Amino acid sequence: MGRIGVLDGAVIVVYFAGVTIFGALLGRRTRSTRDFFLAGQRFPAWLVAFSCVATTVGSYSFLKYSAAGYQYGVASSQTYLNDWFWMPLFLFGWLPIVYRSGVLSVPEYFRRRFDGRVGLAATAVLLLYLVGYIGINLFTMGTALQELFGFDLFTMAALVVALCMVYEMTGGQTSVILTDFVQGGLLLVAGLLVAALGVARLGGLSAFAAALPAGHLRPLPPFDHPAKFSFVGVFWQDAMAGGVAFYFMNQGMLMRFLSARSLRTGRAAAGLVLVVLMPLSAVAVSGAGWVGSALVRLGVMDAGVRPDDVFVTVATLLCGPGLLGLVMAALLAALMSTADTLINATSALLVNDVYRPWVAPGRDDAHYLRAARYTSLGAAAAGLALVPLYGSFGTIYEAHGAFTAAVTPPMAAAILLAFLWPRFNSAGALATLLGGTVLVLASIADPALVAPFSHRVAPAGYGFLRACFGLAVSGALGVGATLATRGRPLPDARAFTIRGLREHPRRPRAGSARRRPATLWLRDDIGPDLVLVPPAAMERLDLAPGDSVFVDDRRFWLGGLRSVRGRVAPWPDAPAADALGLAPAPAEEQRWREGRRVVLERLDR
């Protein structure tokens, strides 16, 4: 049975069964496509942030970065610490634009910013990215399972996909976020635990540092060597192309932040991810590799171990029965938590940007909800079909790096030009997306095209430097085509650029409250989307009729599961100053009775 004993295998089976049942039960109240894709936009910052960790740390992360840490030392954390570079633009540019405009996907943004042709081109490029990303996660999981159990890679990948689909097809984004929250905590604990056990085995931090090979304490790799892990290669692939792809282009991450209850909440979640959770994740995913290199140098571990097997080998060496099963469950949890996000995102793209506008327009929402569940299954199958392709690369790090550098640059360049440069038009967008993709594919057939952008890195590193080539040629095509044409922007295109953010909606006055406790009253003479608020409370919260508000359960640990969004309506004859009126239907769905104490929150956009 490979390296897993009976007890460890039982822990993994119980974990998988628990997560699957947990996700399926939580998703039972999914009633609409908005619930399926955005989870009703109800979640607080802490829950969104921790679920983002599970999405960020894919199954490939533990194997990929442990392998890099084993070979190159602390510099393996460079990728996880690059996010600060783009975060200001994300927090104060991209996220406000998509949130305030109400777009649900990157192709919808392009369609409304430019036209339908650009939207279709963006859909094609983004589907290629998402399906390929699903495939590399499944390939990594198969690699780990082969090492652990000795079973067939493809068969085990298909089994885990089937488990993901049980709750993904049932609950959509709600199930994804809540299962990812659990799995995010587990994988952080497991990764940090393996690193801590290794340091303790070596005799403490000082002994650990002394046992590392020469150069392994360098925070960054050398500028232009080794070819497959140079500073400049990681910078262009991860910091530039990968950073834009992850925060601006990745439909799964975009939907995650849009599932927050407000723009302010989404920004807080992103800040928590950047400042606290990404540094912890960098240690969690690389720590086993750092420990492994020290153990090999001291003769405790076999020097012949493959880099991609380092995480499993170190965990097996350091963890006893039962604990090893928990750590391996975390590894597989990383697969599920990234794959379910990507599957949900691909389904959103197919339904909202292909099926709804082009194949079956004008149907009711229940029809599109069924379509979302079926397309989720199709997305999983397409990703599974790509698993054999990734097996042709030497390591998982190379496979993931080559994929990111080849697919993301045209879309990354198009997004940045679209929201930073109001003059950018549809001709430029098409040239960037389609022309850039053609040239990047041509560079795969003829790597000599990358040579002028190689920064002196040897040809073996061109797979990473292709990101620099792709960003440069895609951007140049877009700028050139825009300056050569006179395409007029759509009437509301300004709202989709950074200049449009100057036209803010009404802001609350300084000193106004954001939240207040209230007592629930049921009113059967109002609509299910209305929230009646006494005038004095409206004044205190600086609310106007029609403003969006959030009615939440007072138990914060529920994370917004028991909550209602609605529009404010004045209640002049309210029975009490702290009264809050709701229709019976939304209150009953949350199992609230009249007289219950709840919290009313103003939602600022």
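The rules we used
- Residues numbered from 1 in each chain as written.
- Predicted model: local features only at pLDDT ≥ 70, side-chain atom pairs only at ≥ 80, totals over all residues.
- Heavy atoms only, no water.
- Helix = DSSP H or I, 4+ residues; strand = E, 2+ residues; numbered from the N terminus.
- Buried < 20%, exposed > 50% of the residue type's maximum accessible area, 1.4 Å probe, protein only.
- Areas by Shrake-Rupley, 256 points an atom, 1.4 Å probe, with all protein chains shown as cover.
- Pairing = 2+ DSSP bridges.
- 1 Å grid on protein atoms, 1.4 Å probe; cavity = no way out; pocket = protein on both sides within 12 Å on 5 of 7 lines; lining within 4 Å.
- Points joined across faces, edges and corners; volume = space filled by probe spheres on them.
- Core = buried A, V, L, I, M, F, W, Y, C linked by side-chain atoms within 4.5 Å.
- Contact = heavy atoms within 4.5 Å.
- Expected span 1.5 Å × (residues − 1).

Chemist: Before we move on, could you go through the overall build of the protein and cite the residues and values that matter?
Modeler: Along the backbone of the protein there are 22 helices and 6 strands. Counting across all 605 residues of the protein, residues that qualify as buried make up 60%. Working note: accessible area of the protein is about 22,300 Å², and carbon and sulfur atoms make up 65% of it.

Chemist: Please give an account of the pairing of strand β4 (residues 563-570) that cites residues and values.
Modeler: Residues in a regular strand project their side chains so that they alternate between the two faces of the sheet. When strand β2 (residues 530-533) meets β4, the two strands line up parallel, connected through 4 bridges. Residue V533 lies in a different strand from β4, and its bridge partner there is P570.

Chemist: Can you explain unusual backbone geometry? Please cite residues and give values.
Modeler: At the junction of H225 and P226, the peptide bond is cis and its omega measures out at -5° in the coordinates. Structurally, the position occupied by P226 is in the loop between α9 (205-211) and α10 (231-249). In this structure, H455 is a non-glycine residue whose phi angle is positive, near 55°. For H455, the position within the fold is in the loop between α19 (426-445) and α20 (462-484). Note on H455: relative accessible area 27%, which makes it partly exposed.

Chemist: Which residues make up empty space enclosed by the protein, and what are the values?
Modeler: Per the counting criterion, the structure on display carries 3 cavities of 30 Å³ or more. Taken as a whole, the largest cavity encloses approximately 280 Å³ of empty space. The wall of the largest cavity is formed by 20 residues, among which Y65, T79, D238, G242 and F246 lie closest to the centre. Listed by contribution, the elements that provide at least two residues to the lining of the largest cavity are α4 (59-72), α7 (116-149), α10 and α17 (396-407).

Chemist: I'd like a description of the nonpolar core, backed by residues and values.
Modeler: Grouped together as the largest cluster of nonpolar side chains are 150 residues, with contacts concentrated most on F90, W94, F110, F257 and M411. When residues of this core are assigned to their parent elements, the largest contribution, 15 residues, is made by helix α12 (residues 263-297). Sequence-distant contacts of F110, that is, excluding residues within four places in its chain, are made with D115, V118, G119, A122, M411, A414, I415 and A418. With 19 residues, the next largest nonpolar core counts V533, V549, V568 and A587 among its residues.

Chemist: Before we move on, can you summarise the environment of G73 with the specific residues and values?
Modeler: Within the fold, G73 resides in the loop between α4 and α5 (87-101). Looking at G73, the relative accessible area reads 2%, which means it is buried. The sequence separation of G73 and G215 amounts to 142 residues, and the corresponding C-alpha distance is 7.4 Å. When sequence neighbours within four positions are dropped, the list of residues in contact with G73 reads A68, H216 and W290.

Chemist: Which residues make up the environment of G243, and what are the values?
Modeler: Relative to the helices and strands, G243 resides in helix α10. Other than its neighbours up to four places away in sequence, G243 contacts W86, D238 and F248.

Chemist: Run through α5, naming residues and quoting values.
Modeler: Helix length check: α5, at 15 residues, gives a terminal C-alpha distance of 20 Å against a target of 21 Å (1.5 Å per residue), a fit within 8%. Most of α5 is tucked away: 11 of the 15 residues are buried. Those residues of α5 that are buried lie in contact with α6 (106-113), α10, α11 (251-258), α12 and α18 (409-420). The positive-phi residue at the C-terminal boundary of α5 is G102, with phi of around 80°.

By themselves, these figures tell us nothing about what the structure is for.
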